[in-house]
Each structure stands twice: as C-alpha cells, then as structure tokens.
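Topology and contacts: notes
Letter by letter, the chains look like this.
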Amino acid sequence: MLIVIGGGIGSGKSSVGEILRSLGAIVVEADDVGHEILEPGGEAFDAVSARWPYAVDDGRIDRALLAAAVFTDSDQLAELESMTHPAIRSRIAEIISTADRIVAVEVPILGSVTPENAYRVLIDAPDDVRISRAAARGNNEEDVRNRMTSQPSRDEWLEWADRVIHN
C-alpha cells in the first residue's frame, strides 16, 4: 500500500508520518529527498548551482538563499522544480519499488512527486496555526507566508485528497 501525506508548511505532515513510522510503515519525506539531490554530487546540484550561483556558499547550496529567490517568483520556482522533481520522483519510485511494507510519502505540493496509485491523505490546519507551528521551528514568518503563497490553496488540496485529517 502506498499513502501520500500532503499538506502545506506547518500542517502536521511530519507528525502523521511519525505515527505511521511507529506502526511499521516506511516513511519518505520528499523534502529530505530534495535536500539530498541538492548536495554536492547530487542529481540536481550542478544545474541548480549554475542557475543560482549566488545561492552557493562554500561549495554547497544555501537553501535559505535559494528559497528567498524562488518562493517570491513563481517562474523561478517552476524552473527549480523542473530541475529537481524528476530526480525526487525517481528516488521515491526506487524506494517504493523495493519496499516490503506500507510506504508513506510526505509531500508539500500537489502532483509533481505524488505517485498516481497512492491513497492521498491531506493534513489540514488553519493558516494561523500553520504559521505559528512553522515559526516555532525557527522559520521566519515572512518566509513561511511566501512558501504558503507558492503552495497549493486549501481548495486545491481538498480536491486532491482521498481523506482529510483536520489537525
């Protein structure tokens, strides 16, 4: 069985993922896979560092600098996603294909890294709660709002979901 846990920043995807992990599921966080492919030697490192050289610090992509550029410009975000999503999808597909038990994949956006045969669960929370949670994890409130603006709307998430968990 394949479960995709979706929801925007601060919705509670990781909490649900931890519960599923405690029940024996393999939990894959698409964000973590995204971090890996942006590491030196990762599948997207060369393309991303060439496109946004000012986001490279000491030979590594500074994700905060990259986020500042792309989460305020939808064209740049789409460009970044075109460079990263194929590698993210490929890694997730590899994990799924070798799994011997339920796999849950946490995703912060719709479709682009969501396997088609998955049961889609939306973790839903009010915007003010999401902002508060993300800020409590050390995120800048303005950055959180920028990310929320670049993520799917609540209505888009609700249309996507097979099930909704109100958190």
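For the structure itself, consult the block above.
So, here is what we can say about the structure in this document. Bear in mind the structure is a predicted one, so any value in this text is a computation, not a measurement. Residue positions within a chain follow its written sequence, with the count starting from 1. Confidence filtering applies because this is a predicted model: local features only for residues at pLDDT of at least 70, side-chain atom pairs given and counted only at 80 or more, and all residues used for totals across whole chains, interfaces and linings. Excluded from the side-chain calculations are hydrogens and water; all other atoms, namely the structure's heavy atoms, are used.

1. Considerations on the packing of helix 6 (residues 127-136) against helix 7 (residues 141-150)
It is at 9 Å that the axes of helix 6 and helix 7 come closest, and there the two elements cross at 130°. As judged from the angle between their axes, helix 6 and helix 7 are oblique. Like other packed secondary-structure pairs, helix 6 and helix 7 cross with a definite hand, here right-handed. Across the interface between the two elements, D127, R130, I131 and A134 from helix 6 touch E141, V144, R145 and M148 from helix 7. Under the scheme applied here, ten amino acids are nonpolar (Ala, Val, Leu, Ile, Met, Phe, Trp, Tyr, Cys and Pro), four are charged (Asp, Glu, Lys and Arg), and all others, including Gly, are polar. Here the residues of the contact of helix 6 with helix 7 are counted per class, giving four nonpolar, no polar and four charged. The convention used is that axes are lines fitted to C-alpha atoms, helices contributing only their stretch in contact, and that angles between N-to-C directions extend from 0 to 180 degrees. By definition, any uninterrupted DSSP run of H or I lasting at least four residues is a helix, any uninterrupted run of E lasting at least two residues is a strand, and each is numbered from the N terminus. With respect to orientation, any angle under 35 degrees is reported as roughly parallel, any angle over 145 as roughly antiparallel, any angle of 65 to 115 as roughly perpendicular, and every other angle as oblique. In this scheme, a crossing is called left-handed if the near helix is turned counterclockwise away from the far one by less than a right angle; it is called right-handed if the turn is clockwise. Contacts: residue pairs with any heavy atoms within 4.5 Å of one another.

2. Remarks on the pairing of strand 5 (residues 103-107)
Side chains on a regular strand alternate between the two faces of the sheet. Exposure classes here rest on a 1.4 Å probe applied to the protein chains alone. A residue is buried below 20% of its type maximum, exposed above 50%, and partly exposed in between. Burial analysis of strand 5 places five of its five residues in the buried class, the great majority of the element. Bridge count between strand 1 (residues 2-6) and strand 5: five bridges; the pairing is parallel. From the neighbouring strand, L2 faces strand 5, where its bridge partner is V103. With four bridges joining them, strand 2 (residues 26-29) and strand 5 adopt parallel strand pairing. Note on pairing: two strands pair once DSSP finds at least 2 bridges between them.

No statement about biological role is implied by the geometric values presented.
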